[in-house]
Amino acid sequence: TMPVVSMTCAAQAQAPRHRHPTAPGSSARRFSGSRHLTKCSSSKTSSSRSNFGLLDWAGSAFIPQGPIVSSTKFAWNTMWKTLMSELAPQDQSGAYTRPPAAYTSVVGVTPSFPASSSYTLYIGNACPWCHRVAIAAALRGVPAESLRIVKLVDDAERASRGGWIVESGRDPLFGAKDLREIYDSAAGGQYFGRCTAPLLVSDAQKVVVANDSAEIVRSIDALPGDDVTLRPAALAAEVDKWVERITSEVNNGVYRAGFATSQTAHDAAALPLYRLLDELDQHLETRRFLCGGSVTEADVVLLPTICRFDDVYSVLFKCSGRRIADLPNLSGWLADMMRLSVIADTYDAASARSSYFGQLFPLNPSGIIPAGGRSTKELVAQWLSRSDPAKRERLAVGVSALHTRDRALDYEL
């Protein structure tokens, strides 16, 4: 345990001062008043402990407080930056740089991966990149014979490399226990990069199609399913514009803000994030969804970050400059998206909180998960209570919420 260096009353309650025979002067002389000293001392209990008692000695002629504080901060900061660079690759400025995906084929576009074939998709519920893929599959209603979904659990202590293990114990395609074994099997033992999810694998060829969520979402849009498209030809340019901006400034933005190891790098990510959130809130004043009256791929890529924002990113990733709860139109859009029952079923709020706060050790060394977190059902009810469904629906009168000819919108209030 690192020594406590704060000089607050609470800190002193953990490490109460007292006269030491070799430390000249009394505690009272180092405080601005005897009432404060008495209050701090009275909180001492038999179970309290001061570790090495450095604060008892600090300020003496033998151990000046300044060097203790500065050396402790330096040691902790150096260790933290080392851990962060392993968790999230950094450039020289302390900015997080997401590694490029190793596999970027698209079903129905890459000739070797036809839409008529069958595929296995590996996703972890806690991951927002996996969540956008799960939303796409749910909205499109892709049948299991075309797309088999294997769920992963975030557990770095049980995984052989990376953090994902197979929830059911063994995956049905390779018999693997974790994602590293799946990558090794699909790549013939020749894959040496990061073992990330989501991952799309061809059942017939037992090779990786893509491990980038953008290409996987496009692949899902090409697979058999309900007559729904997330990127209608007439809106393709607008959809692509929003997807690019949201991915860079919102989806990646929260991670670059949270994984930054310098103030400059954090500000460079957080400020554009806040500006785009404000712009989105203004844009949704006159539109039910980002590209009009129906859900598109742009809405799909935005949702995972927005539904995690107030619970996780504003706290753990230090993105507290905005709250979705304070952005009325973005909140209304969020409630509208979650009214689609197939979307609400794709999110597990408790699992997301547990993964972020429990597994990202460099950001939360204690592993303590904030108490009082709401369940997905409670969150959806809260989002709905803040929205005006009638107002949202008036923005797209007579327009289906999905681009489809034969599927009615299923609301679950």
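Above this text is the structure in question.
Here's a quick rundown of the structure. Nothing here was measured: the structure is a model prediction, and the numbers come from that model. (Residues numbered from 1 in each chain as written. Predicted model: local features only at pLDDT ≥ 70, side-chain atom pairs only at ≥ 80, totals over all residues. Heavy atoms only, no water.)

With respect to the overall build of the protein chain
Then, in step 1: What the protein chain contains, in helices and strands, is 15 helices and five strands.
Then, in step 2: A burial count over the protein chain gives 46% of its 413 residues as buried.
Then, in step 3: Taking the intrachain contacts of the protein chain between residues at least 6 apart in sequence as the baseline, contacts between residues at least 24 apart amount to 71%.
Then, in step 4: As displayed, the protein chain offers around 19600 Å² of accessible surface, 53% of which is attributable to carbon and sulfur atoms. (Helix = DSSP H or I, 4+ residues; strand = E, 2+ residues; numbered from the N terminus. Buried < 20%, exposed > 50% of the residue type's maximum accessible area, 1.4 Å probe, protein only. Contact = heavy atoms within 4.5 Å. Areas by Shrake-Rupley, 256 points an atom, 1.4 Å probe, with all protein chains shown as cover.)

Section: helix α4 (residues 65–87)
Then, in step 1: Its 23 residues place the ends of α4 33 Å apart at the C-alpha level, agreeing with the 33 Å of an ideal helix rising 1.5 Å per residue.
Then, in step 2: Within α4, the full set of buried residues consists of Ile68, Thr72, Trp80 and Met84. (Expected span 1.5 Å × (residues − 1).)

Digging into the nonpolar core
Then, in step 1: Counting residues in each nonpolar core, the largest one holds 103 residues, and the members touching the most others are Phe317, Leu330 and Trp333.
Then, in step 2: Sorting elements by how many residues they give to this core places helix α10 (residues 297–316) first, with 11 residues.
Then, in step 3: Setting aside chain neighbours within four positions, we find Leu330 in contact with Leu277, Leu280, Asp281, Leu284, Leu302, Ile306 and Ile324. (Core = buried A, V, L, I, M, F, W, Y, C linked by side-chain atoms within 4.5 Å.)

Overview of the pattern of salt bridges
Then, in step 1: Taken as a whole and assessed by the stated rule, the structure comprises 17 salt bridges.
Then, in step 2: Across the pair Arg245 and Glu249 runs a salt bridge whose closest N-O atoms are separated by 3.8 Å. Of this pair, Arg245 and Glu249 both sit in helix α8 (residues 236–259), separated by four residues, roughly a single helical turn.
Then, in step 3: One salt bridge in this structure joins Asp278 and Arg322, with 2.8 Å as the shortest N-O distance. One end of the pair, Asp278, is in helix α9 (residues 263–283); the other, Arg322, is in the loop between α10 and α11 (328–338), with 44 residues separating them in the sequence.
Then, in step 4: Note on Asp278: relative accessible area 30%, which makes it partly exposed.
Then, in step 5: According to the relative accessible area criterion, Arg322 is partly exposed, its value standing at 26%.
Then, in step 6: Through salt bridges that share partners, Arg218, Arg231, Asp240 and Glu297 make up one connected network. (Salt bridge = Lys/Arg side-chain N within 4 Å of Asp/Glu carboxyl O.)

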